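Here is what each chain is made of, one letter per residue.
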Amino acid sequence: SYPDMVERIDDVCEFGNKAVMLNMLLLENDLRAIIDYAHKKNLLVFGHFVLQGAYSERISNYVLQKLARILGFDLIHLKSCIGKLREGILKSMYYKEALTSRHIPESLFLGILEQEIPLKPALPVIWGGTHPGQIEAIRDVYGFEIAIQAGGSIHGHPLGSYGGARAWRESFDACLSGIPIEK
């Protein structure tokens, strides 16, 4: 409910955090007000798509991502061509465009409307089975204007969370320096 979420957002701020993750589907009617409240607290709002695989068979990810931008999310899950919930590379780039462009294509509205919309771009978040060995593929496909949600590969690392975080840092630094990941 809205009062519960306000309390949680206040707790997030009290602990000094800079962002909050909200589920786009479970908050229903209060979602826009909760996003507005988080923005008033100077928090970034990450749009999480719980059960995405279940409903994305019926609703286009492109539409869901545009809707998330209209609602005001700052960071939004991107159905990627990398990781366990793979999409084809062309579809994935189409979804990235939904998060970063200001243009609504005519085809989205069946030819009824085509216009520039006053939406700020959202930062795409790659998720679902990514690991440090994929950093070059991530760079080659998406560049570095993305976020990587890598909890499983960090906390599930054989050397623990520290080892997982270190593996990501080293692979990222190597990629930026032009050192092949195998080295």
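Described below are features of the structure shown in this document. (Residues numbered from 1 in each chain as written. Predicted model: local features only at pLDDT ≥ 70, side-chain atom pairs only at ≥ 80, totals over all residues. Heavy atoms only, no water.)

1. Points about a nonpolar patch on the surface
Nonpolar side chains collect at one region of the surface, where Ile89, Leu90 and Met93 lie side by side and expose about 300 Å² of accessible area between them. As for its placement among the helices and strands, Leu90 is situated in helix α5 (residues 89-100). (Patch = residues over 30% accessible without salt bridge, like charges linked within 9 Å, V, L, I, M, F, W, Y side chains within 5 Å. Areas by Shrake-Rupley, 256 points an atom, 1.4 Å probe, with all protein chains shown as cover. Salt bridge = Lys/Arg side-chain N within 4 Å of Asp/Glu carboxyl O. Helix = DSSP H or I, 4+ residues; strand = E, 2+ residues; numbered from the N terminus.)

2. Topic: the environment of Asn61
Mapped onto the elements of the fold, Asn61 is located in helix α4 (residues 61-71). In the structure, Asn61 is positioned 37 residues away from Ala98 in sequence and 8.9 Å away in space, judged by C-alpha atoms.

3. Observations concerning the packing of α4 against α5
Contact geometry for α4 and α5: axes closest at 8 Å, N-to-C directions at 15°. Of the possible angle classes, the one that applies to α4 and α5 is roughly parallel. Read as a crossing pair, α4 and α5 show a hand that is right-handed. Here Asn61, Tyr62, Gln65, Lys66 and Arg69 of α4 come into contact with α5, specifically with Tyr94, Tyr95, Glu97, Ala98, Leu99 and Thr100. (Axes fitted to C-alpha atoms, helices over the stretch in contact; angles between N-to-C directions. Parallel < 35°, antiparallel > 145°, perpendicular 65-115°, else oblique. Left-handed = near helix turned anticlockwise from the far one by under 90°. Contact = heavy atoms within 4.5 Å.)

4. Considering the environment of Cys81
Assignment of secondary structure puts Cys81 in the loop between β3 (75-78) and α5. Accessibility expressed as a relative area gives 17% for Cys81, which makes it buried. Placed twelve residues apart in sequence, Cys81 and Met93 show a C-alpha to C-alpha distance of 8.7 Å. Contacts of Cys81, omitting those with residues within four sequence positions, involve Arg86, Glu87, Gly88, Ile89, Ser92, Val141 and Tyr142. (Buried < 20%, exposed > 50% of the residue type's maximum accessible area, 1.4 Å probe, protein only.)

5. With respect to the packing of aromatic side chains
Under the criterion given, the structure shown has two aromatic pairs. A centroid spacing of 6.2 Å and a plane angle of 45° characterise the contact between Tyr94 and Tyr95, whose relative ring orientation is tilted. Taking the relative accessible area as the measure of exposure, Tyr95 reaches 5% and is therefore buried. Seen in terms of ring centroids, Phe144 and Phe172 are 5.0 Å apart; in terms of plane orientation they differ by 75°. Their pairing is edge-to-face. Taken as a pair, Phe144 in the loop between α6 (135-142) and β7 (147-148) and Phe172 in helix α8 (residues 160-177) lie far apart in primary sequence, 28 residues in all. (Phe/Tyr/Trp six-rings, centres within 6.5 Å; stacked < 30°, edge-to-face > 60°.)

6. Remarks on the pattern of salt bridges
Under the defined criterion, the tally for this structure stands at six salt bridges. In this structure, Asp36 and Arg32 form a salt bridge, with 3.1 Å as the shortest nitrogen-oxygen distance. Of this pair, Asp36 and Arg32 are both found in helix α2 (residues 31-40), four residues apart, which corresponds to roughly one turn of the helix. The class of Arg32 is partly exposed, set by a relative accessible area of 37%.

7. What about the pairing of strand β2 (residues 44-48)?
Pairing between strand β1 (residues 19-23) and β2: five bridges, direction parallel. Of the residues in β2, the one forming a bridge with Val20 is Val45. Where β2 and β3 come together, two bridges link them in parallel fashion. By the bridge assignment, Phe46 is partnered in β3 with Leu75. (Pairing = 2+ DSSP bridges.)

8. Comments concerning α8
For α8, spanning 18 residues, the distance from its first C-alpha to its last is 26 Å, which sits close to the expected 26 Å at 1.5 Å a residue. Taken residue by residue, α8 has Gly163, Gly164, Ala167, Trp168, Ser171, Ala174 and Cys175 as its buried positions. Along the long axis of α8, the arc covered by the buried residues comes to 135°, so they all point the same way. With respect to the buried face of α8, the exposed residues turned more than 90 degrees away are Tyr162, Leu176 and Ser177. Taken together, the buried residues of α8 touch α6, β7 and α7 (151-155). (Expected span 1.5 Å × (residues − 1). Arc of directions from axis to C-beta.)

9. Quick notes on the side chain of Ser171
Within the secondary structure, Ser171 sits in helix α8. We classify Ser171 as buried; its relative accessible area is 4%. For Ser171, the contacting residues outside a window of four places in its chain are Pro132, Ile135 and Ile181.

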